Amino acid sequence: MDSIKDIVRTYSLKDISIATLASHSALQILRGARDEGLRTVLIVEKRRLELYDEFRNLIDKYIIVENFSETLDVAQELLRENAIFVPHGSAVEYVGPERFRSLPVPMFGNRDLMIWEGDQKLKMRLLKDSGIPVPREYSLEEEIDRPVIVKLPGAKGGRFFFLATSREEVLKRLDEYVRNGVLRSREDALVQEYVIGVPMYFHYFYSPIFRRVEILGIDIRYETNIDGLRRAPPQIASMFEPSFVVVGNIPVVIREKMLQTVLDYGKKFVRKSIELLPPGAIGPFCLESIVKDDLSIIVFEFSGRIVAGTNIYVGSGSPYSWLYWNEPMYMGRRIAREIRIAAEMGVSCLELILT
Ligand code: AMP
């Protein structure tokens, strides 16, 4: 395969398009490209076409597939469109990590960071090494001295996660999962301190062109059934085990005096990612956090690409993005802006934001 740099050099930079998969945050990625005057290509599964065709005004070209796992087969078509592929939370999962990594199409962002994101242990290592406070982690040999959340590998949207308060309980549940085929081996699970506080998910954008980290917004995930159990009287809530299946997102702002910490974490993350996974974080990423009552912020995972929580701000922008940009700047548009400016500056700039 030609290197991504060689491919970009064959592109007509005045006629770049943005390509994405029809899922997750595709609508705002398309809309952002439109707002920045770029062409759009949507790879869409037949079964999803009806929905996306409602928004055909945002789409210049469809590439229709039976399944997103065929994305590799349509690479040549993407190259003919001078396409830059913008990955989102469904990309690695639906295309498959190996096919995703080897997709011979210029991609906005660092594809290795997205692969690390899928491995719970590597993911926590990057956060820890960045110097960002993370929840305590337990091995299966250790006694557990506080509530823990046990996480299974893979982007399962919180499915099968469970809470426990003792080592015996953790081992019993994991063995059950192994017997039922939900889990390959109990060592694959991550046992993490369950931090008490409120969740906040910080949306960042690292711009290699402007050489700065921007805080573009914050959201809270709306998770069933844990968020529903809060509404139930305690005697009813105690009859159910909480689950953490994300079904939506809610906007939030943080106390202004805490923004410095949020910014520090973003900068630390970018710095360490450049060291461990060059060229490092590029464009959108998210630090998923719990804020405690002493105002400390504990980060329990990251996403190395656009998160669906940014969908809240489509069109309008967030209170923070207004401060940077003084115009309605939402994540999909911010991505397209970076690509457009880099393309206008020439191929050596474009190379800074692609892998
Ligand atoms: P995740 O799939 O890792 O994002 O976790 C799903 C949900 O579990 C999160 O949105 C949080 O509500 C919750 N959660 C995950 N890790 C922790 C933690 N260490 N402490 C408290 N809550 C957590």
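Residues numbered from 1 in each chain as written. Predicted model: local features only at pLDDT ≥ 70, side-chain atom pairs only at ≥ 80, totals over all residues. Heavy atoms only, no water.

**Student:** Explanation requested: the site of the ligand in the structure shown.
**Tutor:** The environment of the ligand is made up of 15 residues, and the closest members are Val195, Tyr201, Arg221, Glu223 and Glu301. Lys151 places a side-chain nitrogen or oxygen 2.9 Å from a nitrogen atom of the ligand. Measuring from a nitrogen atom of the ligand, one finds a backbone N or O atom of Glu193 at 2.9 Å. Of the residues that constitute the shell around the ligand, the class distribution is nine nonpolar, one polar and five charged. When residues are assigned to domains, the shell around the ligand turns out to be shared by domain 2 (120-132 + 196-226 + 244-332) and domain 3 (137-193), each giving three or more. (Near = heavy atom within 4 Å. Polar contact = N/O pair within 3.5 Å; in protein donor to acceptor, adjacent residues only side chain to side chain. Nonpolar A, V, L, I, M, F, W, Y, C, P; charged D, E, K, R; others polar. Domains from an automatic or database assignment.)

**Student:** Just to check I follow, could you spell out the packing of aromatic side chains for this structure?
**Tutor:** For the coordinates displayed, the defined rule picks out nine aromatic pairs. When the centroid spacing of 6.1 Å and the interplanar angle of 85° are considered together, the rings of Tyr201 and Phe300 count as edge-to-face. With a gap of 99 residues between them, Tyr201 in strand E9 (residues 198-207) and Phe300 in strand E13 (residues 297-303) connect regions that are remote in the sequence. A relative accessible area of 3% places Tyr201 in the buried class. Over the ring of Phe162 we find Arg173, and its NZ or CZ is 4.5 Å from the ring centre. For Arg221, the ring lying beneath its charged end belongs to Tyr201, and the centroid distance is 4.4 Å. (Phe/Tyr/Trp six-rings, centres within 6.5 Å; stacked < 30°, edge-to-face > 60°. Helix = DSSP H or I, 4+ residues; strand = E, 2+ residues; numbered from the N terminus. Buried < 20%, exposed > 50% of the residue type's maximum accessible area, 1.4 Å probe, protein only. Lys NZ or Arg CZ within 6 Å of the ring centre and 35° of its normal.)

**Student:** Could you clarify how one ought to interpret the sheet that holds strand E2 (residues 39-45) in this entry?
**Tutor:** The strands making up a sheet are joined through hydrogen bonds of the backbone, oriented either antiparallel or parallel. Taken in spatial order, the four strands line up as E3-E2-E1-E4 in an open sheet, and their pairing is parallel. In the strand order of this sheet, the two ends are held by strand E3 (61-65) and strand E4 (83-85), each with one partner. The average undirected angle you get between the axes of adjacent strands in this sheet is 25°. In the sheet, strand E1 (residues 17-21) pairs with E4 via three bridges, with the strands oriented parallel. The residue bridging Ala19 from the neighbouring strand is Phe85, located in E4. (Pairing = 2+ DSSP bridges. Axes fitted to C-alpha atoms, helices over the stretch in contact; angles between N-to-C directions.)

**Student:** What is the right way to look at the environment of Leu27 in this model?
**Tutor:** Its location among the elements puts Leu27 in helix H2 (residues 26-35). Residue class for Leu27 comes out partly exposed when judged on its relative accessible area of 28%. Taking the C-alpha atoms as reference, Leu27 lies 21 Å from Trp325; in sequence the two are 298 residues apart. If we ignore the near neighbours within four places in the chain, the residues touching Leu27 are Tyr52, Phe55 and Leu58. (Contact = heavy atoms within 4.5 Å.)

**Student:** When you look at a nonpolar patch on the surface in this model, what are you seeing that I'm missing?
**Tutor:** On the surface, a cluster of nonpolar side chains totalling about 270 Å² of accessible area is made up of Tyr222, Val247 and Ile250. In this structure, Tyr222 sits in strand E10 (residues 212-225). (Patch = residues over 30% accessible without salt bridge, like charges linked within 9 Å, V, L, I, M, F, W, Y side chains within 5 Å. Areas by Shrake-Rupley, 256 points an atom, 1.4 Å probe, with all protein chains shown as cover. Salt bridge = Lys/Arg side-chain N within 4 Å of Asp/Glu carboxyl O.)

**Student:** Where do I start with the packing of helix H8 (residues 120-129) against helix H12 (residues 259-276) in this structure?
**Tutor:** Helices that pack against each other are described as a pair by the angle of their axes relative to one another and the distance between those axes. Axis separation between H8 and H12 bottoms out at 9 Å; the angle between their running directions is 120°. Looking at the two axes, H8 sits oblique to H12. Crossing of H8 against H12: the hand is right-handed. On the side of H8, the interface is formed by Arg125, Leu126, Leu127 and Asp129, while H12 contributes Phe269, Lys272, Ser273 and Leu276. When the residues that make up the contact of H8 with H12 are grouped by side-chain class, the tally is four nonpolar, one polar and three charged. (Parallel < 35°, antiparallel > 145°, perpendicular 65-115°, else oblique. Left-handed = near helix turned anticlockwise from the far one by under 90°.)

**Student:** What exactly am I supposed to notice about the domain arrangement of the protein chain here?
**Tutor:** How big an interface is tends to be reported as the loss of accessible area on association of its parts. Looking at the assigned domains, one finds that the protein chain contains domain 1 (4-107), domain 2 (120-132 + 196-226 + 244-332) and domain 3 (137-193). Computed from C-alpha coordinates alone, the two centres of domain 1 and domain 3 are separated by 36 Å.

**Student:** Any chance you could explain the layout of surface pockets here in plain terms?
**Tutor:** Where empty space is left becomes clear once a probe the size of a water molecule has been rolled over the atoms. Estimated volume of the second largest pocket: approximately 190 Å³. Looking at the lining of the second largest pocket residue by residue, the classes come out as four nonpolar, one polar and five charged. (1 Å grid on protein atoms, 1.4 Å probe; cavity = no way out; pocket = protein on both sides within 12 Å on 5 of 7 lines; lining within 4 Å. Points joined across faces, edges and corners; volume = space filled by probe spheres on them.)

**Student:** Help me understand the pattern of salt bridges, please; the structure alone is not making it clear to me.
**Tutor:** Charged atoms that come close allow side chains of opposite charge to pair. According to the stated counting rule, one finds 37 salt bridges in the structure shown. A salt bridge links Glu77 to Lys61; its shortest N-O distance comes to 3.7 Å. Of this pair, Glu77 sits in helix H4 (residues 75-80) while Lys61 sits in strand E3; the two residues are 16 residues apart in sequence, bridging distant segments of the chain. With relative accessibility at 26%, the residue Glu77 sits in the partly exposed group. Assessed through its relative accessible area of 24%, Lys61 is described here as partly exposed. Notably, a salt bridge pairs Arg334 with Glu338, separated by 3.0 Å at the nearest N-O pair. Of the two residues, Arg334 and Glu338 both sit in helix H14 (residues 331-345), four residues apart, roughly one turn of that helix. The class of Arg334 is buried, set by a relative accessible area of 0%.

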